[in-house]
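Close look at the chain arrangement
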Amino acid sequence: MTILRLVLFGWLLLLYVPGAGAQTVVSGQVTDSQGGEPLAGVYVIWGKASGTTTDTEGFYSFAGNPGKIPVEFRFIGYKSRTEIVNITAGETVVLNVELEPEAQFLDQVVVSADRMEQKRSDLTVSMDVIRSDYLYRTHITDAQELITKTPGIEVLDGQVSIRGGSGFSYGVGSRVLALIDGLPMMSPDAGGIKWNFLPLENLSQVEIIKGASSVLYGSSALNGIINFRTADASNIPVTSFFTEVGIYGNPPNIAWKWWDIPRLSGHASFSHLQKFGNTDLGLGVNLSSDMGYRKYNDESMGRVSVRIKHHSTRNQGLKYGINLSGGKSYKTDFVLWEDALTGGLKQDTSTVSRFHGYYFSADPFVSFGKRDKVRHDFRMRLQTSENRFPVRSANNAGSVSLYGEYQFWYSFSDHFSITTGFSETWSIITSDFFGDHRGLNLAGFAQAELRPVNRLKVTGGVRVEQNILDGEPDRLVPVFRTGLNYQAAEHTFLRASFGQGYRYPSIAEKHASTTLGSVRIFPNLLVQPESGWSSEAGVMQGFMIGRFRGEGDLSVFLSQNRDMIEYVFGPHNDPGSNTSGVGFKASNVEYSRIYGTELEFLLGRQIGKMTATVAGGYTYIHPIEISAYTGKSKGLYLKYRRKHTARLSITAASDRLEAGIDMYARSEILDIDNVFLKIETRDLIMPGFYDYWLQHNRPYFLMDGNLSCRLNQSLKLSLAVRNITNTEYMGRPGDIQPHRNFSLRLSGKF
């Protein structure tokens, strides 16, 4: 009792002493400045590590200590606003705030184009930005699916093509570079993207540059880059999760249904972001299991990530930390179908092979900046991966790579700044499939940004790069880029750019030697690097008309490449085993030219408490082979390209309900490898494919839909239906894409 009395006496003393422990409540409502509607979910941030969000009616409140404090209000689609509040002990402060809508994404901050933060409207190149809310709304859990639903982009069995810049080369030698927070996420052996281990749990946004980006990012950025940017912790701790179950329906060709029990999938995800004093912490976990709609094509996967960033108080502007990620994947890849009659969704048993994949990376970093004048960045990535085939052990492979980069930025004035640096990539490959190899890539880069007059920005850069494989150096390769951006009016931005690209062949293209079923792969030690250039001119227009706001982007582009690497079918020799036979070998065969145009738009309107959004895009390309000697067209289309792609998305969201429809259309594939069409070989590899190709290589249309209901302020229940139209369509030959499937998700954010 004595202790209890002392505690009560202490509290009474604090309440009695004027001003002791006193805090003042600050409260108010946040509304739209044009329509007056309350805004739910607005971030309200004050002090160094404090924050809250508005409720469903736009109201907020917090307790603050006496004195002057800045209070910042942030909300997607609106201009941020900061108010200085003078708090006096014992008084209640009411602060109602109106946020002004902005042209939807013109002021969005991106980093990928020039390696420095800048507004998207200031770029000299085309960039698409995919925000995390689209990912959650559509129930997308696969990074490949996320990217292929972007206008002008198609992913064929793991191979990304931006505006027709790539075809299909059997999963090796990507011409698009994947990054996580600016660091490469590629396999050192095959040169492909590690799709399974791209973290979608703590994703902020995905930035996609369309066009050659080798000057700043090096080899593999010949056709563009995809940068997955993870979210940083804010003053408000955020924990989110979801658990999901899915089921596949029946295929449109009922003769292809091979299962008796339902084909199910399950996914679970957890993420947490929080500040502890001056240290930011991010955690992410993802688990998935998919029985698959195709026989012998199941997958189970798990990944985990930890992000730690510390802001030094002793040295202002100094940040350092480490990002850790790892994962396991157990799956059976689908290679060739059984036949076209009843086996379109059954894998040929001769190509069935169980795969176990393991991945780990550690990314330490140090960054120091001073008064928006100078910045030093040093980053590294230690990456290890293993590919194990329990049955086909001859295809086992392992790799260790170390990427290091130093970047320096300096602003001489408001009119002139430079970015320069150097990088190295060192890799060790141990493989029964490719052989054992050692690789080294060294590069230096520099870029200048000049603003000679108001509203005009001009950029120019150069990169010099050298690759060394097994002690044999390749030639020094210089590549250049330049571009300009001119703000013609308040919301009108004109741009033009030119950039060169370069890609050194992957170890798989040089040294892979294996057999999959009836398909044999031959090595080619003499295959040469690819190179090319891309150019573009475009206009971005933002607008706000009454309650309508949005943007439109129109561009025309032209690219040309030489020594493009493709797998050529025919009689080949294997110098390693001193044998010969018929199969595929990577060879420099194509000189290409692609021109086209692209239109993208976004339109939003507030209707009472509901927000309606319409977004879409259309891309046209004309991809042709050209003569290496005359530069004129050969009259042949490039393989695995489509002339037309289009997308239209319509969403409507209120306080509790949200619904969306996504529609996609693509024209037919213009051409494929002759081995699938020639009478001598077509049935040898894929029985029945030729007749199927003649009947089904047509334009296709499909539609996805989603509906969600907010159960309370933290929980949401949602349903997504992919391929509502149950369209039968194909990627690369024999790769039938998923038919109609359903997923039910319970998600939470608090």
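Residues numbered from 1 in each chain as written. Predicted model: local features only at pLDDT ≥ 70, side-chain atom pairs only at ≥ 80, totals over all residues. Heavy atoms only, no water.

Re the sheet that holds strand E15 (residues 183–184)
Read from one edge to the other, the open sheet built from 5 strands follows the order E11-E16-E17-E14-E15, with strand pairing classed as mixed. Each having just a single partner strand, strand E11 (127–131) and E15 make up the two edges of the open sheet. With 5 bridges joining them, strand E14 (residues 176–180) and strand E17 (residues 224–230) adopt parallel strand pairing. Bridge pairing links leucine 179 to asparagine 227 in E17. (Pairing = 2+ DSSP bridges. Helix = DSSP H or I, 4+ residues; strand = E, 2+ residues; numbered from the N terminus.)

Remarks on the nonpolar core
Generally speaking, nonpolar side chains in soluble globular proteins are found buried as a group. If you look at the biggest cluster of nonpolar residues, it comprises 45 residues, and the most contacted ones within it are Trp337, Phe434, Phe676, Ile685 and Phe689. Breaking this core down by element, the ones donating at least two residues are strand E30 (477–489), helix H5 (507–511), strand E33 (519–522), strand E35 (548–574), strand E36 (579–607) and helix H7 (689–696). A total of 3 residues in this core trace back to one element, the largest contributor, which is H7. Ranked by size, the runner-up nonpolar core spans 43 residues in total, among them Ile140, Leu179, Leu203 and Leu216. (Core = buried A, V, L, I, M, F, W, Y, C linked by side-chain atoms within 4.5 Å. Buried < 20%, exposed > 50% of the residue type's maximum accessible area, 1.4 Å probe, protein only.)

Remarks on empty space enclosed by the protein
Applying the stated criterion across every chain yields a total of 12 cavities of 30 Å³ or more. If you add up the space inside the second largest cavity, you get close to 690 Å³. Together, 35 residues line the second largest cavity, and Pro188, Ser220, Thr425, Asn441 and Asn467 are the ones closest to its centre. Listing elements by their share of the lining of the second largest cavity, those giving two or more residues are helix H4 (214–217), strand E24 (374–388), strand E25 (397–413), strand E26 (416–431), strand E27 (437–450) and strand E28 (456–469). Considering every element that reaches the lining of the second largest cavity, the biggest residue donor is E28, with 5 residues. (1 Å grid on protein atoms, 1.4 Å probe; cavity = no way out; pocket = protein on both sides within 12 Å on 5 of 7 lines; lining within 4 Å. Points joined across faces, edges and corners; volume = space filled by probe spheres on them.)

A word on the pairing of strand E23 (residues 354–370)
With 15 bridges joining them, strand E22 (residues 318–332) and E23 adopt antiparallel strand pairing. Paired with tyrosine 320 across the strands is valine 366, a residue of E23. As paired elements, E23 and E24 share 13 bridges and run antiparallel to each other. Within E24, the residue paired with phenylalanine 360 across the bridge is threonine 384.

As for unusual backbone geometry
Its identity is not glycine, yet aspartate 470 carries a phi of approximately 55 degrees, on the positive side. Looking at where aspartate 470 falls in the secondary structure, it is placed in the loop between E28 and strand E29 (472–473). With a relative accessible area of 36%, aspartate 470 lands in the partly exposed category. Non-glycine residue asparagine 723 carries a positive phi angle of around 55 degrees. Note on placement: asparagine 723 falls in the loop between strand E42 (715–722) and strand E43 (741–749). The exposure class of asparagine 723 is buried, given its relative accessible area of 3%.

Some points on the packing of aromatic side chains
Within the structure shown, the criterion is met by 21 aromatic pairs. Here phenylalanine 197 and tyrosine 359 contribute two aromatic rings whose centre-to-centre distance is 5.2 Å and whose plane-to-plane angle is 10 degrees, an arrangement assigned as stacked. Of this pair, phenylalanine 197 sits in the loop between E15 and strand E16 (203–210) while tyrosine 359 sits in strand E23, and the two are 162 residues apart along the sequence. By relative accessible area, which is 5% here, tyrosine 359 ends up buried. Geometrically, the ring pair formed by phenylalanine 412 and phenylalanine 416 is stacked, given 5.3 Å between the ring centres and 25 degrees between the ring planes. Here phenylalanine 412 falls in the partly exposed class, since its relative accessible area comes to 45%. (Phe/Tyr/Trp six-rings, centres within 6.5 Å; stacked < 30°, edge-to-face > 60°.)

Quick word on the sheet that holds strand E3 (residues 50–53)
In a beta sheet, neighbouring strands are held together by backbone hydrogen bonds and run either parallel or antiparallel to one another. Pairing is antiparallel across the open sheet formed by 4 strands, whose spatial order is E3-E2-E5-E6. Edge positions in the sheet fall to E3 and strand E6 (81–87), since each has one partner strand and no second. Each strand axis lies, on average, 25 degrees off the axis of its neighbour in the sheet, ignoring direction. The sheet contact formed by strand E5 (residues 67–74) and E6 spans 7 bridges and is antiparallel. Following the sheet pairing, glutamate 72 is matched in E6 by threonine 82. (Axes fitted to C-alpha atoms, helices over the stretch in contact; angles between N-to-C directions.)

Some points on the pairing of strand E4 (residues 59–64)
Of the two faces of E4, only the one carrying Tyr60, Phe62 and Gly64 is buried; Phe59, Ser61 and Ala63 on the other face are not. For strand E1 (residues 24–32) and E4, the ladder comprises 6 bridges, and the chain directions are antiparallel. Bridge pairing links glycine 28 to tyrosine 60 in E4.

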